[in-house]
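Structural overview
So the chains spell out like this:
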Amino acid sequence: MRGKFIVVEGLEGAGKSSVIGLIVKSLVAAGKRVEQTREPGGTPMAEAIRECVKHDWQETVSEETELLLMYAARVQLLTNKILPSLESGAWVVGDRHDLSSQAYQGGGRGVSQDTMSAISDIALKGFKPDLTLYLDVEPAVGLERARGRGELDRIEQAGLAFFERTRARYLELADNDDSIKVINAMQPMEDVHSDVVTVINQYLKVTAASSVSMG
Ligand SMILES: Nc1ncnc2c1ncn2[C@@H]1O[C@H](COP(=O)(O)OP(=O)(O)O)[C@@H](O)[C@H]1O
Ligand SMILES: [Mg+2]
């Protein structure tokens with residue numbers, strides 16, 4: 001049976017990495033074969049694009065350049081890793097996916113909705129995660145946590161207002177899509193984790209029930 005694609009989203013420092021570890025553990029405990037991806041990246045070429053995106057170029061990087069690089073990496077990952085894994089029956093847990101572009105490039109950088117939908121349609125042809133957990137934090141909280149990890153890269157240096165716009169777009173998109181669950185990631189980690197386990201267990205229950213009813 002085809003696997004499911006579960007994505008964890010949120011601003012830097014929201015707690016994605018620790019939550020992903022927890023989700024993988026829960027899925028493995030439920031008997032799933034699990035593979036992990038991160039975006040941008042996850043294939044040799046996509047990782048090279050990741051380095052390119054994160055590099056501190058001594059020139060202006062246009063919004064469209066950043067956008068196209070993100071989607072180039074995403075198509076490589078989707079085609080060469082996510083889809084084959086799902087077909088093989090594995091469950092895939094993603095550290096970011098298309099929602100990040102919608103929020104960062106669409107919300108943060110202000111790329112128009114028309115451009116965002118057009119490029120997303122061309123690149124992904126309607127592909128969409130089965131479940132997304134959006135870890136919601138105020139940008140200042142997330143950045144303070146991320147700062148503890150070391151130097152901030154070019155995207156992280158974009159300023160608080162950029163992240164406020166990004167967060168607002170994340171929340172707006174989550175509000176309009178039942179497959180996106182919002183987790184309050186400003187809580188203590190143990191409370192975040194217990195909310196995540198609740199969402200995952202609920203999802204496992206629903207998918208088990210629907211696979212029984214389909215025979
Ligand atoms: N709910 C939380 N409360 C306090 N600190 C947290 C919480 N979640 C994560 N952290 C810490 O914040 C830092 C960034 O978390 P991380 O999982 O790397 O975030 P992300 O992957 O979303 O950038 C880590 O040091 C992590 O231990
Ligand atoms: Mg991380």
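These figures come from a predicted structure and were not determined experimentally. (Residues numbered from 1 in each chain as written. Chains lettered and ligands numbered in written order. Predicted model: local features only at pLDDT ≥ 70, side-chain atom pairs only at ≥ 80, totals over all residues. Heavy atoms only, no water.)

Glu39 connects to Pro40 through a cis peptide bond whose omega is -10°. Inspection of the secondary structure puts Pro40 in the loop between strand E2 (34-38) and helix H2 (44-54). The residue Arg96 is not glycine, and still its phi comes out positive at about 75°. The phi dihedral of Lys125 falls on the positive side, at around 50°, and the residue is not glycine. Relative to the helices and strands, Lys125 resides in the loop between helix H5 (113-124) and strand E4 (131-136). Accessibility expressed as a relative area gives 70% for Lys125, which makes it exposed. (Helix = DSSP H or I, 4+ residues; strand = E, 2+ residues; numbered from the N terminus. Buried < 20%, exposed > 50% of the residue type's maximum accessible area, 1.4 Å probe, protein only.)

Let us now look at the sheet that holds E4. Where strands meet in a sheet, backbone hydrogen bonds hold them as pairs that are either parallel or antiparallel. Taken in spatial order, the five strands of this open sheet run E2-E3-E1-E4-E5, and their pairing is parallel. On the outer flanks of this sheet lie E2 and strand E5 (180-184), each paired with one strand and no other. For this sheet, the mean angle separating the axes of adjacent strands, direction not counted, is 20°. Note: strand E1 (residues 5-10) against E4, five bridges, orientation parallel. (Pairing = 2+ DSSP bridges. Axes fitted to C-alpha atoms, helices over the stretch in contact; angles between N-to-C directions.)

Moving on, we get to the side chain of Thr207. Turning to its location among the elements, Thr207 is positioned in helix H8 (residues 189-213). We classify Thr207 as buried; its relative accessible area is 12%. Setting aside residues no more than four positions away along its own chain, Thr207 makes contact with Lys4 and Trp91. (Contact = heavy atoms within 4.5 Å.)

With that out of the way, let us pick up the packing of aromatic side chains. Counted according to the given criterion, the structure contains seven aromatic pairs. Consider the rings of Tyr104 and Tyr170, whose centres lie 6.2 Å apart with planes at 90°: the pair is edge-to-face. Residue Tyr104 is found in helix H4 (residues 98-108), and its partner Tyr170 is found in helix H7 (residues 160-175); the two are separated by 66 residues along the sequence. For Tyr104, a relative accessible area of 6% puts it in the buried group. Of the residues examined, Tyr170 reaches a relative accessible area of 0% and is grouped as buried. The ring centre of Tyr71 lies 4.9 Å from the NZ or CZ of Arg74, which sits over that ring. (Phe/Tyr/Trp six-rings, centres within 6.5 Å; stacked < 30°, edge-to-face > 60°. Lys NZ or Arg CZ within 6 Å of the ring centre and 35° of its normal.)

Following the criterion strictly, the structure yields 12 salt bridges and no others. In this structure, the salt-bridge partner of Glu47 is Arg38, at a minimum N-O distance of 2.7 Å. Look at Glu47 and you get partly exposed, because its relative accessible area is 24%. Given a relative accessible area of 35%, Arg38 falls into the partly exposed group. A salt bridge links Arg147 to Glu144; its shortest N-O distance comes to 3.1 Å. Residue Arg147 and its partner Glu144 are both found in helix H6 (residues 139-147); the two are separated by three residues, about one turn of the helix. Given the relative accessible area of 43%, Arg147 is considered partly exposed. If you follow the salt bridges from partner to partner, you end up with Glu9, Glu12 and Arg96 in one network. (Salt bridge = Lys/Arg side-chain N within 4 Å of Asp/Glu carboxyl O.)

This brings us to the packing of H4 against H7. Relative orientation and spacing of two packed helices are given, respectively, by the angle between their axes and the distance between those axes. Following both chains from N to C, one finds H4 and H7 inclined at 130°, their axes separated by 8 Å at the closest point. Comparing their axes, H7 and H4 come out oblique. With respect to the hand of their crossing, H4 and H7 are arranged in right-handed fashion. Of the residues in H7, those touching H4 at Leu99, Ser100, Gln102, Ala103, Tyr104, Gly106, Gly107 and Gly108 are Phe162, Phe163, Arg165, Thr166, Arg169, Tyr170 and Leu173. (Parallel < 35°, antiparallel > 145°, perpendicular 65-115°, else oblique. Left-handed = near helix turned anticlockwise from the far one by under 90°.)

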